[in-house]
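Analysis of the macromolecular model
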Amino acid sequence: MSERRSSMPRGPMDGGMPGEKAKDFKKSMKKLIVYMKRYHARIFFMFLFAVAGTAFNIIGPTILGNATTEIFNGLLLKINGTGGIDFSKIASILLFLMGLYVMSSCFMLIQGFIMTGISNDVSYTMRKDISKKINRMPLEYFESRTTGEVLSRVTNDVDTLQMSLNQSVTQLITSVTTIIGVFIMMLRISVIMTICACIIIPVSMVVIGLITRHSQKYFQQQQRFLGDVNGQVEEIYSGHNVVKVFNKEEQTVETFKKVNQNLYESAWKSQFFSGMMMPLMQFIGNLGYVMVALLGGYLTITGKIQVGQIQSFFQYIRNFTQPMQQIAQVSNMLQSSAAAAERVFEFLEEKEEDQTAPNPVDISKTRAIVDFEHVQFGYRPEQIIIHDFSSHVGEGQKVAIVGPTGAGKTTMIKLLMRFYDVNQGSIKIDGHDLKEFNRVELRELFGMVLQDTWLFNGTIMENIRYGRLDATDEEVIQAAKAAHAHHFIMTQPEGYQMMLNEETSNISQGQKQLLTIARAILADNKIMILDEATSSVDTRTEIQIQKAMDALMQGRTSFIIAHRLSTIKDADLILVMKDGDIIEQGNHETLLEKNGFYAQLYNSQFEKAEAI
């Protein structure tokens, strides 16, 4: 199941509305800081270079103001006939200023390089930790969540965290440093002018608060309606044939018009309020500039400040308000970072399976004798689905598990592979309880061929070799021959080197199944599990696959889950399950003679086949 994601509309001041918020912001950020402790040396140098680069930028307007003052004083001297402009002094001031800006740029470049490395390393380490964690997680976790939800931890959440860290941390450091440094420089020039300039800040905050309060609900509506539009478009286009068959085109268009109109209205209102923000802020800012200009002119006339200091002060005002807007944007990014970090750490802190046993059984001499002894199991303790399951499976026997849907057939296989632990009773291999095996070694005993074939993006050779990565090309080819797959592989344009992917159309479902059987043959596991391996193919292909499976099961203890009872006539033991219990067991002939539940199932399928 893929997860639909839509881009968040922009909010006031182009900062965007806050995205998903963390349940516990402080706790999430604390965990993230602890996780990043391994990079403390690099973080320290990044902080140092960021502060240094910002500090040099802050000093710049003061030096530029000194150059302006020098030019102004030189002009006055020239007008009075007592001197002129000292260009050499101005040149030295400007060269010094250029040096400061070059140094500032170098420091900022270095801190950007360090922070990019840190954010990339954090995302790389997180993905690696998540990947390792996935292999230690119980199957129960994945069966209780959608695939999209799990994948979003590895992709969306880690990506969000990486981008937010890269942008927000340095932005926060430089913004805070700029505000503090600029405020100090403004006070050095004039306390009165600084107070006058700061009056516009609370006025701006009030305006921002009023507009945001009104616009936020419309942005939320816009996001919700955008999801509705995307959802309807996706559903209609994916089911386009069904819409046409039932002549629902007009109704579909009318429904879309209503949803689209809702999106239009909410988007118009949200963008209108968002568009009002900048003109109002500029108007308030210009009022502040006018007040500072009048006051600065008066102070210059009275000789309390220099002309160049007024220019410096105006630059500082602009540098003072801009970081405040940036901090507001950073707060949104930090919220997203905390939410993403919270989801990632929730996953990393999930309960894991016990991977090792105190004195593990050596699997090298395993004979694959399996015993189910009074097994009782329920996915929930209060809902037992397997009540009392007992059976003995000898070495090399072919065991078929049959029964209606929901009887517990697949559940028994999950218990056998210890994806879940039994509530009561035990499952033993060669007399050893499954809990006495290391999980990884236990699962090395099993090979599986499932109804849903899984082939990855790679060559046919690579897909078969996935069963045993150290296999030679000749061993892969022998496995393909045993699986009756060699002939069709050689008819492909590039043979074993043909690339397989989602768009591969010249490989049928049955041929894909033969490749998975070849993979299982190559793996050479001692216990084989076949779960509905022929249910989705035609009769002719089924016969071919059946021959391949017979080769696969030769000399191995095999468990076959099958709905088509005609495919398991030659099984050594057939376990008939109903409502979580074995109600009959024996071979095909014995069970038919009993004329019980198995006979009913078999005869009903035979009658259907005759009818067809």
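As the structure is a computational prediction, the values presented were derived from the model and not from experiment.

Time to look at the nonpolar core. In terms of nonpolar packing, the biggest core is built from 44 residues, with Ile464, Ile489, Ile517, Ile568, Ile574 and Tyr598 touching the most fellow members. For this core, the leading source of residues is helix α16 (residues 509-523), giving 7 residues. Residues within four places of tyrosine 598 in sequence aside, it is in contact with Val402, Leu565, Ile568, Ile574, Val576, Glu584, His588, Leu591 and Leu592. Within the second largest apolar cluster, 34 residues are counted, among which are Phe372, Ile401, Ile413 and Leu415.

Backbone hydrogen bonds hold the strands of a sheet together, and the pairing may be parallel or antiparallel. What the 6 strands build is an open sheet, ordered β6-β9-β10-β3-β11-β12; its pairing is mixed. The strands lining the two open edges of the sheet, one partner per strand, are β6 (446-450) and β12 (581-586). For this sheet, the mean inter-axis angle between neighbouring strands, taken without regard to orientation, is 20°. Where helix α11 (residues 409-416) meets the sheet, its contacts fall on β3 (398-402), β6, β9 (527-531), β10 (557-561) and β11 (573-578), and the angle it forms with β10 comes to roughly 150°.

Before going further, it helps to examine a nonpolar patch on the surface. Judged by side-chain polarity, Phe183, Leu187, Val191, Ile195, Ile199, Val203 and Met291 come together as a nonpolar surface patch covering roughly 570 Å² of accessible area. When contributions to the nonpolar patch are tallied by element, the ones reaching two or more residues are α5 (147-189) and α6 (191-198).

So, on to the packing of helix α1 (residues 25-35) against helix α10 (residues 307-348). Direction vectors running N to C along α1 and α10 enclose 75°, while the axes themselves pass 9 Å from each other. Comparing their axes, α10 and α1 come out roughly perpendicular. Contacts from Phe25, Ser28, Met29, Lys31, Leu32 and Tyr35 of α1 reach α10 at Leu334, Gln335, Ala338, Glu342 and Phe345. In terms of residue class, the contact of α1 with α10 is made up of 7 nonpolar, 2 polar and 2 charged.

The tally for this structure, following the rule as stated, stands at 16 aromatic pairs. Residues phenylalanine 44 and phenylalanine 45 carry aromatic rings whose centres are separated by 5.6 Å and whose planes lie at 70° to one another, so their mutual orientation is edge-to-face. One residue, arginine 38, lies across the ring of tyrosine 35, its end atom 4.4 Å from the ring centre.

Mapped onto the elements of the fold, valine 176 is located in helix α5. Assessed through its relative accessible area of 35%, valine 176 is described here as partly exposed. With 81 residues separating them along the chain, valine 176 and lysine 257 place their C-alpha atoms 48 Å apart.

Given 3.6 residues per turn, any residue in an α-helix points the same way as the ones three and four places further on. With 7 of its 8 residues buried, α11 lies for the most part within the structure. Within the span of α11, buried status applies to Lys409, Thr411, Met412, Ile413, Lys414, Leu415 and Leu416. Downstream of α11 by a residue or two, arginine 418 has a phi angle that is positive, lying close to 60°.

Bringing the sheet that holds strand β2 (residues 386-393) into the picture now. Strands sit in the order β2-β1-β4-β5 across an open sheet of 4 strands; the sheet is antiparallel. Two strands close off the open sheet at either side, each with one partner strand: β2 and β5 (432-433). Alignment of strand β1 (residues 370-377) against β2, held across 5 bridges, turns out to be antiparallel. In the sheet register, phenylalanine 377 faces β2, and the bridge partner there is isoleucine 386. Lying on the sheet, α11 is in contact with β1, β2 and β4 (424-429); it crosses β1 at an angle near 115°.

Once that is clear, we can look at helix α14 (residues 473-482). Where α14 is concerned, the buried positions are Val476, Ile477, Ala479 and Ala480. Buried residues in α14, looked at end-on, bunch into an arc of 160°, giving them a common side. Taken together, the buried residues of α14 touch α13 (460-465), α15 (486-490) and α16. One or two residues past the end of α14 sits histidine 484, with phi positive at roughly 60°.

Here we come to the environment of isoleucine 79. Assignment of secondary structure puts isoleucine 79 in helix α2 (residues 40-80). Accessibility expressed as a relative area gives 69% for isoleucine 79, which makes it exposed. For the pair isoleucine 79 and arginine 38, spaced 41 residues apart in sequence, the C-alpha to C-alpha distance is 65 Å.

Structurally, isoleucine 236 can be placed in helix α7 (residues 200-238). Each C-alpha atom, one on isoleucine 236 and one on threonine 252, is 7.9 Å from the other, the two residues being 16 residues apart in sequence.

To continue, consider the side chain of serine 312. Considering the arrangement of structural elements, one finds serine 312 in helix α10. On the basis of relative accessible area, serine 312 is assigned to the buried category, the value being 2%. With near-sequence residues (within four places) excluded, serine 312 lies in contact with Pro61, Thr62, Gly65 and Ile189.

What counts, and at which threshold
- Residues numbered from 1 in each chain as written.
- Predicted model: local features only at pLDDT ≥ 70, side-chain atom pairs only at ≥ 80, totals over all residues.
- Heavy atoms only, no water.
- Core = buried A, V, L, I, M, F, W, Y, C linked by side-chain atoms within 4.5 Å.
- Buried < 20%, exposed > 50% of the residue type's maximum accessible area, 1.4 Å probe, protein only.
- Helix = DSSP H or I, 4+ residues; strand = E, 2+ residues; numbered from the N terminus.
- Contact = heavy atoms within 4.5 Å.
- Pairing = 2+ DSSP bridges.
- Axes fitted to C-alpha atoms, helices over the stretch in contact; angles between N-to-C directions.
- Patch = residues over 30% accessible without salt bridge, like charges linked within 9 Å, V, L, I, M, F, W, Y side chains within 5 Å.
- Areas by Shrake-Rupley, 256 points an atom, 1.4 Å probe, with all protein chains shown as cover.
- Salt bridge = Lys/Arg side-chain N within 4 Å of Asp/Glu carboxyl O.
- Parallel < 35°, antiparallel > 145°, perpendicular 65-115°, else oblique.
- Nonpolar A, V, L, I, M, F, W, Y, C, P; charged D, E, K, R; others polar.
- Phe/Tyr/Trp six-rings, centres within 6.5 Å; stacked < 30°, edge-to-face > 60°.
- Lys NZ or Arg CZ within 6 Å of the ring centre and 35° of its normal.
- Arc of directions from axis to C-beta.

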